[in-house]
Amino acid sequence: MVNIDALRSGDRKVLAKLLTLVESTRPEDRQETEQILENLTDQAGGSLRIGITGVPGAGKSTMIEALGHQVTGTGSKLAVLAVDPSSMISGGAILGDKTRMQTLSSDPSVYIRPSPAGKSLGGVSRRTRESILVLEAAGYDVILVETVGVGQAEAMVSQMTDLSILMLLPGGGDDLQGIKRGVMELADIVVINKADGDLQKRAALSETDVRHALEFLQPRHRGWKPCVLKTSALQGEGISELWKVILEFRKQTEQTGAFGENRERQLHDWIRMEAREMILDQFDKDQRLCTLHADLVGKDTESSNNHITAARKLVNRFFELSS
């Protein structure tokens, strides 16, 4: 059993061990994780959870390093959950974020945890939420969640963070052509990064285009209107302004009650998702259902058997076995 008192006192070895336990898929580890999380409930919820997504090459890791130094400069403890894509063939992941954040990773008040996405869709690990709770119990004030790209990632990360930052490249509007409306709707702050040197004019055009696009979208949080900022994470420009906007977001949404409403909605979604995953796990582990599944597939290939009918037979059998 993991030493909870050591975790709360800031023992990084215990923290790493518990995060590994949280990510484990072994049934015995899942049982232990549940017991530990029950003991951490009173310690969770105190951090500011920030999701950072963006187009490839937008400089997410560089931004996290620059923003991270801004956070720790205020005396806060920072944790970074950087989710790397996993190979669909081998299941392996590069997990190279620490090498891209060398100065930040050497800061004693910062903890960086690269995690493989595994089979989870949307660019976040299935256990990212639980990792957030563990990090909060360990005393981290700000938690950044970096996802693997643009698309379903934004929907997933928005369900576990307080605000979402969407990073774009200077492109005079070109970026918007490859981004779906739903992605923009989930952004609380849009950052045009790499706005330096010869790209400054293009960044200004992109800023104007994004501002116009946001005017037609419904804000996610009551009391907050999404904004656009230009930054150069590499040069450290616009980072302090970004942090001020983040703090203003928290202040305004707490005043309107939107901050707490969002957390409550996320908990509701988390419970439903976890229940769904538990049912699927139980479904996949039942050999009787696996045999019936294979039999139904065989019949389906030999005739015009409706796949919906076959699926309903599987579900009905599942409930029969569970009752």
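Refer to the structure presented above.
Computed from a predicted structure; not experimentally measured.

Draft legend 1. Highlighting the overall build of the protein chain. Scanning the protein chain from terminus to terminus reveals 15 helices and 7 strands. Relative to its 323 residues, the protein chain shows a buried fraction of 46%. For the protein chain, long-range pairs separated by at least 24 residues make up 77% of all intrachain contacts whose partners lie at least 6 apart in sequence. Carbon and sulfur atoms form 53% of the exposed surface of the protein chain, whose accessible area is close to 16600 Å².

Draft legend 2. Structural view of helix α2 (residues 12–23). Here α2 spans 17 Å end to end across 12 residues, near enough to the 16 Å set by a 1.5 Å rise per residue. Among the residues of α2, V14, L15, L18, L19, L21 and V22 are the ones counted as buried. Taken end-on, α2 shows its buried residues confined to a sector of 155°, consistent with a single buried face. Every exposed residue of α2 that faces more than 90 degrees away from the buried side is listed here: K13 and K17. Two or three places before K13, at the start of α2, stands the capping residue D11, its side-chain oxygen 3.0 Å from that residue's backbone nitrogen.

Draft legend 3. Region of interest: the packing of helix α4 (residues 60–72) against helix α12 (residues 239–256). Between α4 and α12, whose axes approach to 10 Å, the crossing angle comes to 70°. Classified by the angle between their axes, α4 and α12 sit roughly perpendicular to one another. Here α4 and α12 pass one another in a crossing that is right-handed. In contact with M63, A66, L67, Q70 and V71 of α4, α12 contributes I239, S240, L242, W243 and I246. Across the contact of α4 with α12, the residue classes break down as 8 nonpolar, 2 polar and no charged.

Conventions adopted
Residues numbered from 1 in each chain as written. Predicted model: local features only at pLDDT ≥ 70, side-chain atom pairs only at ≥ 80, totals over all residues. Heavy atoms only, no water. Helix = DSSP H or I, 4+ residues; strand = E, 2+ residues; numbered from the N terminus. Buried < 20%, exposed > 50% of the residue type's maximum accessible area, 1.4 Å probe, protein only. Contact = heavy atoms within 4.5 Å. Areas by Shrake-Rupley, 256 points an atom, 1.4 Å probe, with all protein chains shown as cover. Expected span 1.5 Å × (residues − 1). Arc of directions from axis to C-beta. Polar contact = N/O pair within 3.5 Å; in protein donor to acceptor, adjacent residues only side chain to side chain. Axes fitted to C-alpha atoms, helices over the stretch in contact; angles between N-to-C directions. Parallel < 35°, antiparallel > 145°, perpendicular 65-115°, else oblique. Left-handed = near helix turned anticlockwise from the far one by under 90°. Nonpolar A, V, L, I, M, F, W, Y, C, P; charged D, E, K, R; others polar.

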